[in-house]
Amino acid sequence: MKHSNNGSAVKRRLDRTQVLEAARAISDISGVNSLSIKQLAENLKIRPPSVYAHFAGLPELRRELALRGYAEITQKVTAAAVGLAGPQALLAMGHAYLDFIRTSPGLYSAIVPSPDVADTELRGAASAWLAVFYRVIGTFRLSPDDAIHALRGIRSIVHGFGMLEMQGAFRSAVDRDTSFVQVLQTFIAAIEHQALPEGQAAQPPRPIE
């Protein structure tokens, strides 16, 4: 830390983005629920009260991490689907989803819980990334219920694979990415067989969950 000519320490100047990035780094190690004001202040080399100059407390920090997480995962799965359709798009999006878990575990931990129904901004951000999957699933001509089942199924597969991998599972020499592709392809093939008969129009989709 720099010192002034009279020997007194120069107060470190931080902005909101720097505090949030430090919170993200802590969350990447052990999840957003492990985040504490004390540890954040220690990592930033500031006093705990200084954190409150930027955020009201842990709930606001976790909410901002969730908003960042939703924005980043929406961008990743959208980019993955560009130029693709149907099964190929869904497989590419599944890979992007898993990559997000691998590279941004802290942000991912912030977006796993469903947002408070009263928080319209957070709910909208949560719906945005699921809507990308939902639009592609819509091309499979599923019934409204089956579309919801398919969305839940893909989330369960990717989340489960990512969490097991994060916890040190899959230690065999067999390639993990190959396993992931096979599981996801099997699921996609299954939902293809659930398509409504030609000429039967699908009902308007229900709200995304």
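Residues numbered from 1 in each chain as written. Predicted model: local features only at pLDDT ≥ 70, side-chain atom pairs only at ≥ 80, totals over all residues. Heavy atoms only, no water.

### Overview of helix 4 (residues 58-81)
Thinking step 1. Taking 1.5 Å of rise per residue, 24 residues should cover 34 Å, and helix 4 covers 35 Å from first to last C-alpha, within 8% of that figure.
Thinking step 2. Taken together, the buried positions of helix 4 are occupied by Leu-61, Leu-65, Ala-66, Leu-67, Gly-69, Tyr-70, Ile-73, Thr-74, Val-77 and Ala-81.
Thinking step 3. Immediately downstream of helix 4, the backbone of Gly-83 shows phi near 80°, a positive value. (Helix = DSSP H or I, 4+ residues; strand = E, 2+ residues; numbered from the N terminus. Expected span 1.5 Å × (residues − 1). Buried < 20%, exposed > 50% of the residue type's maximum accessible area, 1.4 Å probe, protein only.)

### Observations regarding the packing of helix 5 (residues 86-103) against helix 9 (residues 176-192)
Thinking step 1. Remark: helix 5 packs on helix 9, axes separated minimally by 10 Å, with the N-to-C direction vectors making an angle of 140°. Judged on the interaxial angle alone, helix 9 and helix 5 are oblique. Crossing handedness for the pair helix 5 and helix 9: right-handed. In contact with Pro-87, Leu-90, Leu-91, Gly-94, His-95, Leu-98 and Arg-102 of helix 5, helix 9 contributes Asp-177, Phe-180, Val-181, Leu-184, Gln-185, Ile-188, Ile-191 and Glu-192.
Thinking step 2. Here the residues of the contact of helix 5 with helix 9 are counted per class, giving nine nonpolar, three polar and three charged. (Axes fitted to C-alpha atoms, helices over the stretch in contact; angles between N-to-C directions. Parallel < 35°, antiparallel > 145°, perpendicular 65-115°, else oblique. Left-handed = near helix turned anticlockwise from the far one by under 90°. Contact = heavy atoms within 4.5 Å. Nonpolar A, V, L, I, M, F, W, Y, C, P; charged D, E, K, R; others polar.)

### Digging into the packing of helix 8 (residues 144-166) against helix 9
Thinking step 1. Remark: helix 8 packs on helix 9, axes separated minimally by 11 Å, with the N-to-C direction vectors making an angle of 170°. Between helix 8 and helix 9, the crossing angle belongs to the class labelled roughly antiparallel. Counted together, His-149, Ala-150, Gly-153, Ile-154, Ile-157, Val-158, Phe-161 and Glu-165 of helix 8 and Arg-176, Ser-179, Phe-180, Val-183, Leu-184, Phe-187 and Ile-191 of helix 9 form the full contact between these two elements.
Thinking step 2. Residues that form the contact of helix 8 with helix 9 fall into these classes: ten nonpolar, three polar and two charged.

### A look at the side chain of Ser-27
Thinking step 1. Mapping Ser-27 onto the fold places it in helix 1 (residues 16-30).
Thinking step 2. With a relative accessible area of 1%, Ser-27 lands in the buried category.
Thinking step 3. Among the polar contacts listed, one links the side chain of Ser-27 to the backbone oxygen of Ala-23, at a separation of 2.9 Å.
Thinking step 4. In contact with Ser-27, other than residues within four places in its own chain, are Val-32, Leu-35, Leu-65 and Gly-106. (Polar contact = N/O pair within 3.5 Å; in protein donor to acceptor, adjacent residues only side chain to side chain.)

### Comments concerning the pattern of salt bridges
Thinking step 1. For the structure shown, the criterion picks out eleven salt bridges.
Thinking step 2. Close ionic contact of Glu-60 with Arg-16 constitutes a salt bridge, the shortest N to O distance being 3.0 Å. Here Arg-16 lies in helix 1 and Glu-60 lies in helix 4, a separation of 44 residues in the sequence.
Thinking step 3. With relative accessibility at 26%, the residue Glu-60 sits in the partly exposed group. (Salt bridge = Lys/Arg side-chain N within 4 Å of Asp/Glu carboxyl O.)

### Focus on helix 5
Thinking step 1. Taking 1.5 Å per residue, 18 residues should reach 26 Å; helix 5 reaches 26 Å between its end C-alpha atoms and fits that length.
Thinking step 2. Regarding helix 5, the residues found buried are Gly-86, Ala-89, Leu-90, Leu-91, Ala-92, Met-93, Gly-94, Ala-96, Tyr-97, Leu-98, Phe-100 and Ile-101.
Thinking step 3. Against the buried residues of helix 5 lie helix 4, helix 6 (105-111), helix 7 (120-138), helix 8 and helix 9.

### Concerning the confidence of the model for the chain
Thinking step 1. Across the chain, pLDDT averages 88, with 89% of residues at or above 70.
Thinking step 2. In the predicted structure, residues 1-10 sits below a pLDDT of 50 and forms eight contacts with residues beyond four places in sequence or in another chain. (pLDDT = per-residue confidence, 0-100.)

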